[in-house]
Amino acid sequence: MRRADVLCNFRSAGHLTEERPGTSYVFAYDPFYDGPPVSLTMPVRPEPYVFSELPPFFEGLLPEGMQLEGLLKQRKIDRDDKFSQLVAVGTDTVGAVTVAEII
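Every value quoted in this text rests on a predicted model; they were computed, and no experiment measured them. (Residues numbered from 1 in each chain as written. Predicted model: local features only at pLDDT ≥ 70, side-chain atom pairs only at ≥ 80, totals over all residues. Heavy atoms only, no water.)

Q: Would you take a moment to explain unusual backbone geometry for this structure?
A: Among all residues save glycine, negative phi is the norm, and among peptide bonds the norm is trans. Despite not being glycine, Asn 9 shows a phi value in the positive range, around 55 degrees. A relative accessible area of 46% means that Asn 9 is categorised as partly exposed. Positive phi, normally seen in glycine, also occurs at Lys 76, with a value near 55 degrees. Tracing the chain through its elements places Lys 76 in the loop between helix 2 (65-75) and helix 3 (82-89). (Buried < 20%, exposed > 50% of the residue type's maximum accessible area, 1.4 Å probe, protein only. Helix = DSSP H or I, 4+ residues; strand = E, 2+ residues; numbered from the N terminus.)

Q: Sorry if this is basic, but what is going on with the side chain of Ser 39 here?
A: In this fold, Ser 39 is placed in the loop between strand 3 (24-29) and strand 4 (49-51). Ignoring sequence-local partners within four residues, the contact set of Ser 39 consists of Tyr 29 and Phe 57. (Contact = heavy atoms within 4.5 Å.)

Q: Before we go on, may I ask you to explain the side chain of Asp 5 in this structure?
A: Inspection of the secondary structure puts Asp 5 in strand 1 (residues 2-8). Put simply, Asp 5 is tucked away with no salt bridge, and the nearest opposite charge, on Arg 3, sits 6.9 Å away. Of the polar contacts made by the side chain of Asp 5, one reaches the side chain of Ser 12; its length is 3.0 Å. In contact with Asp 5, not counting residues within four places along its chain, are Ser 12, Gly 14, His 15, Thr 98, Val 99, Ala 100 and Ile 102. (Lys, Arg positive; Asp, Glu negative; His and termini not counted. Salt bridge = Lys/Arg side-chain N within 4 Å of Asp/Glu carboxyl O. Polar contact = N/O pair within 3.5 Å; in protein donor to acceptor, adjacent residues only side chain to side chain.)

Q: Explain the pattern of salt bridges here, please?
A: Scanning the model with the defined rule gives six salt bridges in all. When the shortest N-O distance is used, the salt bridge between Asp 34 and Arg 11 registers 2.6 Å. Of this pair, Asp 34 sits in the loop between strand 3 and strand 4 while Arg 11 is found in strand 2 (residues 11-20), placing the two residues 23 residues apart along the sequence. The salt bridge partner of Arg 45 is Glu 47, with a shortest N-O separation of 4.0 Å. A cluster of three or more residues bridged by salt bridges with shared partners is formed by Arg 2, Glu 18 and Asp 81.

The values are spatial; any link to function lies outside them.
Below you can see the structure in the form of structure tokens.
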């Protein structure tokens, strides 16, 4: 199981957990978070969001094309390992949301 801290406007909003690689993900807001949602498709709520693949919002933060190819080669990341791709680029995303792996 791998986890990442999800920040919105530099404030901890919640955690993304990969429970089973490629097939089970959970995003849960921090119970004390009172900021805007990280995505309009995931409004702030106490119940976690459960997904059978990387949530679409987070997948949208991933690079494509030549940038993806460079990332995969430089970091030696498997093309199907979207969680590793996300945490590799998570601190340099477009927008208010950043992602940092919890080790």
